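Structural characterization, general
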Amino acid sequence: MIDPEIIRKDFPILQRSVAGKPLVYLDNTATSQAPMSVVREIERIYTTSRANVHRGVHTLSQEMTRLQEECREKVRKFVNAASIEEIIFTRGTTEAINLVAYSFGDFLNPGDEIILTVMEHHANIVPWQLLRDRKGVVLKIVDIRENGELDIDQYRSLFTDRTRLASFCHVSNVLGTVNPVKEMIDFANSKGVATLIDGAQAAPHLSIDVQNLGCDFYAFSAHKMYGPSGVGVLYGRKEMLEKMSPWQGGGEMISVVTFDHTTYADLPFKFEAGTPDYIGIAAFSKALEFIDSIGLKEMESHEMKLCRHAEEGLRAIPGIRIYGEAPEKGPVLSFILEGVHPYDLGMLLDKQGVEVRTGHHCAMPLMERLGIPGTVRASFAVYNTMEEADALIEATKRAVAILS
């Protein structure tokens, strides 16, 4: 059983105050906090081992290269990829999706179709719009049911002989909906259609097995899973990556360069142009070790217990409306106070030390579908406590009393 009070000792930031109140950090869907093992690793490398990777025979370069590649192997195990060749480091989920949109997009022709869902983050919408403008592809959008569940029947109905890719989130960053990705991937595979999964909100909470899922691409970010910012991962099925051209050129991604011709490096380096954030990548190892030391199943169980408790308490407050009631949900709680802008409610929560996210959460098409400008979003991590869930409820009651 998880004891968050013990875990919290490894997160000094959680001991600070906001507006004279104890900090209650509930914006984990945007960015989780990092344990001291991650922070110390960054400091240690800056003070003992900083040197560029794969570029030198000297000791520091070799040490740094080893640390980066050890992290690649840990990521491979984390998602159960078949080979480290399938693990590409990026700056985040956004860059990973853009990589696929650019490079896989080279295969597409005018009139080819890409299926998205209405619950996508802008990072899984805009890259495909750019591809549409560049190549003339067609975007087709899957709707949701009133409870926030994906309309899986409509999803199936949108496939045609021109469908080339289905790209969708594993977990909605607004509704918390956990999509039936295995079922969706299996259907796409039966039609010969490639799949990309935005796993930014799934990786911190759910076990991921890309071989079992059968997807072609899976993307996620370190900063949402107790790691440093500026580091992301793209899993790509080797057979697919080998066909794709690099999307950026420069150092590291080459084998031989002349002014007449360039031979690209082998996977995964073909897609890693320039100097990577090797210190952030090495520190990501510590975040993965932190997760492994507790266990994803235990973490998810704890987080969902808090989320359900907070949801029950908020539902009892007059005027509060919850968005996202799918049977399968992650620890994300989006709500509004009817007649009040989410920003105003969020500001009053902040004055009580409760840190939540307000606005459209980079999901403006979903907000349009829901008919609202945005929501207040509370999201839970392993270091959150039942007392903090109660603090959210009580702070909301006080804010509602002021705003009503």
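Residues numbered from 1 in each chain as written. Predicted model: local features only at pLDDT ≥ 70, side-chain atom pairs only at ≥ 80, totals over all residues. Heavy atoms only, no water.

Some details on the pattern of salt bridges
This is how the line gets drawn: When a carboxyl oxygen of Asp or Glu lies within 4 Å of a side-chain nitrogen of Lys or Arg, that pair is called a salt bridge. Comment: elements are numbered from the N terminus, with helices defined as DSSP H or I runs of at least four residues and strands as E runs of at least two.
By the definition in use, this model includes 28 salt bridges. Residue Glu113 is joined to Lys140 by a salt bridge in which the shortest nitrogen-to-oxygen separation is 3.4 Å. One end of the pair, Glu113, is in strand β5 (residues 113-117); the other, Lys140, is in strand β6 (residues 138-142), with 27 residues separating them in the sequence. Taken together, the salt bridges that share partners define one network made up of Arg145, Asp151, Asp153, Arg156 and Glu183.

Remarks on the sheet that holds strand β4 (residues 87-90)
Convention followed: A strand pair is defined by DSSP finding two or more bridges across the two strands. Angles shown run from 0 to 180 degrees and are taken between the N-to-C directions of axes, each axis being a line fitted to C-alpha atoms and, for helices, limited to the stretch in contact. Contacts: residue pairs with any heavy atoms within 4.5 Å of one another.
Across the sheet, seven strands lie side by side as β4-β10-β9-β8-β7-β5-β6; this open sheet has mixed pairing. Either end of the sheet is taken by a strand with one partner, and the two such strands are β4 and β6. With strand direction ignored, the average angle separating the axes of adjacent strands in the sheet is 20°. Here β5 pairs with strand β7 (residues 163-169) via three bridges, running parallel. By the bridge assignment, Glu113 is partnered in β7 with Thr163. Each of β4, β9 (217-221) and β10 (232-236) is contacted by helix α3 (residues 59-79), which is oriented at about 115° to β4, the strand it contacts most.

Some thoughts on the packing of aromatic side chains
Quick reminder of the rule: Under the pairing criterion, centres of Phe, Tyr and Trp rings, with the six-membered ring standing for Trp, must be within 6.5 Å; the plane angle then separates stacked pairs below 30 degrees from edge-to-face pairs above 60, leaving the rest tilted. Summary of the burial criterion: residues with accessible area below 20% of their type's maximum are buried, those above 50% are exposed, and those between are partly exposed, where the area comes from a 1.4 Å probe applied to protein chains only. A ring is considered to have a charge above it if a Lys NZ or an Arg CZ atom is located within 6 Å of its centre and within 35 degrees of its normal.
Under the counting rule described, the total for this entry stands at 14 aromatic pairs. Centre to centre, the rings of Tyr226 and Tyr383 are 5.9 Å apart; their planes meet at 80°, and the pair counts as edge-to-face. Here Tyr383 lies in the loop between β17 (375-379) and α14 (386-403) and Tyr226 lies in the loop between β9 and β10, a separation of 157 residues in the sequence. The burial state of Tyr226 is the same as that of Tyr383; both residues are buried. Among the aromatic residues, those joined into a cluster by ring pairs are Phe11, Tyr226, Phe290 and Tyr383. Against the face of Phe187 rests Arg156, its NZ or CZ located 6.0 Å from the ring centre.

What about a negative patch on the surface?
Inclusion rule: What goes into a patch is any residue over 30% in relative accessible area without a salt bridge, connected to like charges within 9 Å or, for nonpolar side chains (Val, Leu, Ile, Met, Phe, Trp, Tyr), within 5 Å. Accessible areas in this description were obtained via Shrake-Rupley with a 1.4 Å probe; residue shielding takes into account the shown protein chains only. Residues scored as charged are limited to Lys and Arg (positive) and Asp and Glu (negative), so that His and the chain ends carry no count. One atom stands in for each charge, and that atom is NZ of Lys, CZ of Arg, CG of Asp or CD of Glu.
Negative charge collects at one region of the surface, where Asp3, Glu5, Glu387 and Asp390 lie side by side. Along the chain, Asp390 turns up in helix α14. According to the relative accessible area criterion, Asp390 is partly exposed, its value standing at 33%.

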